[in-house]
Amino acid sequence: MNFEESLNRFLQQISRVHTGSKDTQDAYHRDVERFLDYLKERKIDSFEHVTKMDISDYLTKLKEGEIGGTPLSNSSYARNLSSIKSFYRYLNRFEKIQANPVRIFKGSISHRKLPEYLTFDQMETILSQYDLQDPVQVRNRCMIEVMYACGLRVSECASVKISNINLQEGYLTVLGKESKERMIPFYPRCKQLIEYYLSFARPNFIQEENDILFVNQKGKPISSRSIQNICEKAGEDGGLTIHIHPHMIRHSFATHMLDNGADLRIVQELLGHENLGTTQIYTHVTQDKLRKVVDKAHPHAKKVG
């Protein structure tokens, strides 16, 4: 399916039936094009394959500034959502697309959604379940450990290069959004696991040598979609009742770092956030957790007056 052709036909339809300004039409173009770029990044190649979870993930990242680089106001969020809804209405009516996963989403939000994260025990449950004699399981464990150790986005994890890992010093370098490079240290257990994966597991998959760290069983660079599936299965196999996705592991990294005393600006740098406000949402997670503990445990918490 050619997303660009569908976008062009949608814009032509907009210009025929709307009498709005060129700025309005440009906004439709910009909003929908950014959404289509997100689908491509997640290796989604058909509008029929887009799920409500995909839409929710996109809108959350857009609102928080993970996509676009700047957190959105409620009005900008509502405009972006309206553009995508208009696009899907066009797809349903003119391009015979049956699905419309965006229909249920509301055009306004009353507060910023706190990121979902795993507790330390839940994270350890996921990481400790793998059979380290099975090359595929070693790869999967190493992949999740690296995401958790370094707070990587799924696209960054998929594109980590062996040549950008310094095992002796214990850090890796990734190319983040807008081609911004950042260096991220990792702890000794992660170092040992990368070494084990490189020596024991990865050679089983390689048919033609390349520089990508994580590869599929045919030796090709692993896709972001495959990493998402591996994370989801890890949660299921670990007996967790919540849906695990790569960004939740990134959220867990940030939350656990702040819980254990890391400076907010250091966490901002490690995550590759352009705006400190995007990182500050994790302090709300910590505050919310502290509030729940106090409300539950303090003897005066339930007394009034």
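As shown above, the structure is provided for reference.
Each chain has its residues counted from 1, following the order in which its sequence is written. Residue-level local features of this predicted model are given only where pLDDT is at least 70; pairs of side-chain atoms are given and counted only at 80 or more, and the full residue set underlies all totals for whole chains, interfaces and linings. Side-chain measures here rest on the full set of heavy atoms in the structure, leaving out hydrogens and waters.

Novice: Quick one: what's the story with the overall build of the chain, residue by residue and with numbers?
Specialist: Runs of H or I in DSSP of at least four residues are treated as helices and runs of E of at least two as strands, each being numbered from the N terminus. Secondary structure summary: the chain contains twelve helices and three strands in total. The buried label applies to any residue whose accessible area, calculated with a 1.4 Å probe on protein chains only, is under 20% of its type's maximum; exposed applies above 50%, and partly exposed to all values in between. Here the chain holds 305 residues, and the buried ones make up 45% of them. Every residue pair with non-hydrogen atoms within 4.5 Å of one another is taken to be in contact. In the chain, of all internal contacts separated by at least 6 residues, the share reaching a separation of at least 24 is 62%. Surface accessibility of the chain: about 16200 Å² in total, with carbon and sulfur atoms responsible for 50%. Calculation of accessible area relied on Shrake-Rupley with a 1.4 Å probe; when residues are assessed, cover is drawn exclusively from the protein chains displayed.

Novice: Can you lay out the pattern of salt bridges for me, pointing to particular residues and giving the numbers?
Specialist: For this analysis, a salt bridge means a side-chain nitrogen from Lys or Arg found within 4 Å of a carboxyl oxygen belonging to Asp or Glu. This model, assessed by the stated rule, comprises 18 salt bridges. A salt bridge links Arg 153 to Glu 156, with the nearest nitrogen and oxygen atoms 2.6 Å apart. Both residues of the pair, Arg 153 and Glu 156, belong to the buried class. We note a salt bridge from Glu 156 to Arg 182, for which the minimum N-O separation is 2.8 Å. Residue Glu 156 is found in helix H7 (residues 154-158), and its partner Arg 182 is found in strand S3 (residues 181-185); the two are separated by 26 residues along the sequence. The pair formed by Glu 156 and Arg 182 is uniform in burial state, with each residue classed as buried.

Novice: Just give me the short version of the environment of Tyr 171, but keep the residues and values in it.
Specialist: The residue Tyr 171 is located in strand S2 (residues 171-175) in this model. Along the backbone, Tyr 171 and Ile 184 are 13 residues apart, and their C-alpha atoms lie at a distance of 5.4 Å. In contact with Tyr 171, not counting residues within four places along its chain, are Asn 164, Ile 165, Asn 166, Met 183, Ile 184, Pro 185 and Phe 186.

Novice: Tell me about the nonpolar core, and name the residues and values.
Specialist: Core analysis: the biggest nonpolar cluster contains 53 residues, and Ile 144, Leu 152, Leu 172, Phe 214 and Ile 227 have the highest contact counts within it. Considering each element in turn, this core owes the most residues, nine residues, to helix H6 (residues 135-150). In this structure Leu 172 touches Val 146, Cys 150, Leu 152, Asn 164, Ile 165, Arg 182, Met 183, Ile 184 and Phe 186, once residues within four positions along its chain are discounted. Note on terminology: a nonpolar core comprises buried Ala, Val, Leu, Ile, Met, Phe, Trp, Tyr and Cys residues joined through side-chain atoms within 4.5 Å. Counting residues in each nonpolar core, the second largest holds 30 residues, with Tyr 28, Tyr 58, Tyr 90 and Val 102 among its members.

Novice: Provide a residue-level description of helix H8 (residues 188-201), including the pertinent values.
Specialist: Between the first and last C-alpha of H8 there are 19 Å, a value that for 14 residues agrees with the 20 Å anticipated at 1.5 Å per step. Within H8 the residues assigned to the buried category are Cys 190, Leu 193, Ile 194, Tyr 197 and Ala 201. Buried residues along H8 cover an arc of 100° about the axis, so they all sit on one side. Opposite its buried face, H8 presents the exposed residues Pro 188, Gln 192 and Ser 199, each directed more than 90 degrees away. Buried residues belonging to H8 abut H6. One less than the residue count of a helix, multiplied by 1.5 Å, gives the span that helix is expected to have. Summarising the geometry, the arc corresponds to the directions from the helix axis toward the C-beta atoms.

Novice: Quick rundown of the packing of helix H1 (residues 3-17) against helix H2 (residues 22-41)? Include the residues and the values.
Specialist: Each axis is a line fitted through C-alpha atoms, and for a helix only the stretch in contact is used; angles between axes span 0 to 180 degrees, taken between their N-to-C directions. Closest axis-to-axis distance for the H1/H2 pair is 11 Å, and the angle between their directions is 160°. With respect to each other, H1 and H2 are oriented roughly antiparallel. As H1 packs across H2, the resulting crossing turns out to be right-handed. Facing H1, whose interface residues are Phe 3, Glu 4, Leu 7, Phe 10, Leu 11, Ile 14 and Ser 15, H2 presents Gln 25, Tyr 28, His 29, Val 32, Glu 33, Leu 36, Leu 39 and Lys 40. Each angle gets one of four labels, with under 35 degrees taken as roughly parallel, over 145 as roughly antiparallel, 65 to 115 as roughly perpendicular, and the rest as oblique. Throughout, a crossing is termed right-handed when the near helix is turned clockwise from the far one, and left-handed when it is turned anticlockwise from it by less than a right angle.

Novice: Could you give me a rundown of the packing of aromatic side chains, with the residues and numbers involved?
Specialist: Put simply, two rings from Phe, Tyr or Trp (the six-membered ring, in Trp's case) pair if the centres are within 6.5 Å, and we call them stacked under 30 degrees between planes, edge-to-face over 60, tilted for the rest. According to the stated counting rule, one finds 13 aromatic pairs in the structure shown. When the centroid spacing of 5.2 Å and the interplanar angle of 70° are considered together, the rings of Phe 35 and Tyr 58 count as edge-to-face. One end of the pair, Phe 35, is in helix H2; the other, Tyr 58, is in helix H3 (residues 52-64), and 23 residues separate them in sequence. Grouped by ring-pair contacts, the aromatic residues Phe 3, Phe 10, Tyr 28, Phe 35, Tyr 38, Phe 47, Tyr 58, Phe 87, Tyr 88, Tyr 90 and Phe 94 constitute a single cluster. Consider the ring centre and the ring normal. A charge sits over the ring if Lys NZ or Arg CZ is within 6 Å of that centre and within 35 degrees of that normal. In this structure, Arg 139 is placed above the aromatic ring of Phe 205, and the distance from its NZ or CZ to the ring centre is 5.8 Å.

Novice: Lay out the pairing of S3 in plain terms, naming residues and giving numbers.
Specialist: Going residue by residue along S3, you find Arg 182 and Ile 184 tucked away on one face and Glu 181, Met 183 and Pro 185 left uncovered on the opposite face. With five bridges connecting them, S2 and S3 associate as antiparallel partners. Bridge assignment links Leu 172 to a residue of S3, and that residue is Ile 184. Strand pairing is assigned whenever DSSP detects at least two bridges linking the two strands.

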